[in-house]
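Breakdown of the fold
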Amino acid sequence: MLLKPSQNQASSRPDEQAIVTALKDGAHNVLSLKKLVGYHLSPFALKSLEQAQIIGRASFTPTDVLHCLGILQKWNVEGALEGARILAEEYGAGIDDFAAQCLDHITRSLTLSALQSIASKQGLAYTVAEDPNFEFLFEPMFKPDHPERDFSVKIGLNYPIVAIGAPVESYLPAVGEILNTKVIIPEHSEVANAVGAAVGKVSERVTVIIKPGFKVHAPWGCETFMEIEDARMSALKKGQENALENAQEAGILNPEIIVNHDVSSCETSYGKVFLGEFFEIIASGYPQKVNP
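Reading the values: rules and limits
Counting of residues starts from 1 at the beginning of each chain's written sequence and follows it residue by residue. Per-residue local features of the predicted model are confined to residues with pLDDT of at least 70, and side-chain atom pairs are confined, for both listing and counting, to 80 or more; whole-chain, interface and lining totals are unaffected and use all residues. The basis for every side-chain value is the complete set of heavy atoms in the structure, and neither hydrogens nor water enter the calculation. Salt bridge criterion: a side-chain nitrogen from Lys or Arg within 4 Å of a carboxyl oxygen from Asp or Glu. In this text, helices come from DSSP runs of H or I with a minimum length of four residues, and strands from runs of E with a minimum of two, each type numbered from the N-terminal end. Relative accessible area decides the class of each residue, using a 1.4 Å probe on protein chains only: under 20% of the type maximum gives buried, over 50% gives exposed, and in between gives partly exposed. Using only the protein atoms, space was sampled on a 1 Å grid; points where a 1.4 Å probe fits but cannot get out form cavities, open sets with protein on both sides within 12 Å along at least five of seven lines form pockets, and lining residues are those with an atom within 4 Å of a point. Grid points are joined across faces, edges and corners, and a volume is the space filled by probe spheres set on the points. For this classification, Asp, Glu, Lys and Arg are treated as charged, while Ala, Val, Leu, Ile, Met, Phe, Trp, Tyr, Cys and Pro are nonpolar and the rest, including Gly, are polar. We call a set of buried Ala, Val, Leu, Ile, Met, Phe, Trp, Tyr and Cys residues a nonpolar core when their side-chain atoms join them within 4.5 Å. Should any heavy atoms of two residues lie within 4.5 Å, those residues are counted as being in contact. To obtain the arc, one takes the directions from the helix axis to the C-beta atoms. Stacked, tilted and edge-to-face are the three classes assigned to paired rings of Phe, Tyr and Trp, where Trp is represented by its six-membered ring and a pair needs centres within 6.5 Å; plane angles under 30 degrees give stacked, over 60 edge-to-face, the rest tilted.

Digging into the pattern of salt bridges
Per the stated rule, a full pass over the model turns up seven salt bridges. Here R85 and E82 are joined by a salt bridge, their closest N and O atoms 2.5 Å apart. Of this pair, R85 and E82 both sit in helix α5 (residues 77-90), three residues apart, which is roughly one turn of that helix. The exposure class of E82 is partly exposed, given its relative accessible area of 36%. One connected set of salt bridges, linked through shared partners, spans E229, R232 and E277.

This is the structure in structure tokens:
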């Protein structure tokens, strides 16, 4: 969405000007914005406009899904319905069907997360969601009554699930049914997750941009490479080292590394032209306890 008009639009890049112009008639999601802009939507242009607070992002959240389905009526129901309408149109679905599919996906993801926790607890270096063999068993477990299933799978978790955060009462009971276990929702659970986030997990971020000419722009300086692969390898390797170093200085124990990566290019009469590449390396985890 457009937060304020660009004061120096004439000095802005063409891709930034196109985004601002497209948003003047109202907010758009990324998919519709791509169509309005008419060419590749540059993540660098979006990030630059966001940093200048000219545009802002609004996300369609799980809570919005509950608003659309009438399960929850606590916050901006009208905004949730409008967000669902825009997204549903992109996927050729009605608002109710789109929201129901979203809730289905949320339940599925939470169930997979619970099973992943069990696998990790048992010391298995195994990613449940990425194993196609597990999918064979998970789908009959997730929807055992589906008419096209040849068989159903039932499992039982040997201990209850304790759910915290708002509004877990709308999500976790369905997960408990799939895993055949009790779901315990403590008093004041709606604020427990917020308190935990405030005092718990810490993240360190490093941003690296590769510009045309294979120039790597990073917190440690600027380097130029002859080949794009060399530039990528350097950006990723040094970016991870930098993020880990920052995380260790922040006292994070066993930081987890996440890499967000995006490439920007455009088609011309001469072929595809490289516009830039973006790396965001995140090292996150929990700080060690300091004894007074």
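Considerations on the layout of surface pockets
In this structure, the largest pocket occupies an estimated 780 Å³ of space. Listing elements by their share of the lining of the largest pocket, those giving two or more residues are α2 (30-37), α3 (43-51) and α5. With six residues, the top contributor of residues to the lining of the largest pocket is α5. The residue inventory of the lining of the largest pocket, partitioned by class, reads 15 nonpolar, seven polar and five charged.

Side note on the nonpolar core
By size, the foremost hydrophobic cluster in this structure holds 32 residues, and its most contacted members are F138, I161 and L172. Those elements that provide at least two residues to this core are α4 (62-68), α5, α6 (95-121), α7 (132-142) and α8 (172-178). Per element, the largest residue contribution to this core is eight residues, and it comes from α6. With near-sequence residues (within four places) excluded, L172 lies in contact with L110, I161, A163 and V183. Counting residues in hydrophobic clusters, the runner-up holds 15 residues, among them V206, A218, I252 and F279.

Some details on α2
Burial in α2 covers these residues: S32, L33 and V37. Axial view of α2: buried residues confined to an arc of 135 degrees, hence all on one face. The secondary structure elements touched by the buried residues of α2 are α1 (14-22), α3 and α5. Immediately beyond the C-terminal end of α2, within one or two residues, lies G38, with a positive phi of roughly 90 degrees.

What to know about the packing of aromatic side chains
Throughout the structure, instances matching the rule amount to five aromatic pairs. The interplanar angle of 50 degrees and the centroid separation of 5.3 Å between the aromatic rings of F136 and F151 together place this pair among those described as tilted. Of this pair, F136 sits in helix α7 while F151 sits in the loop between α7 and β1 (161-162); the two residues are 15 residues apart in sequence, bridging distant segments of the chain. For F151, a relative accessible area of 33% gives the class partly exposed. Ring geometry for F138 and F142: centres 5.6 Å apart, planes at 10 degrees, overall stacked.

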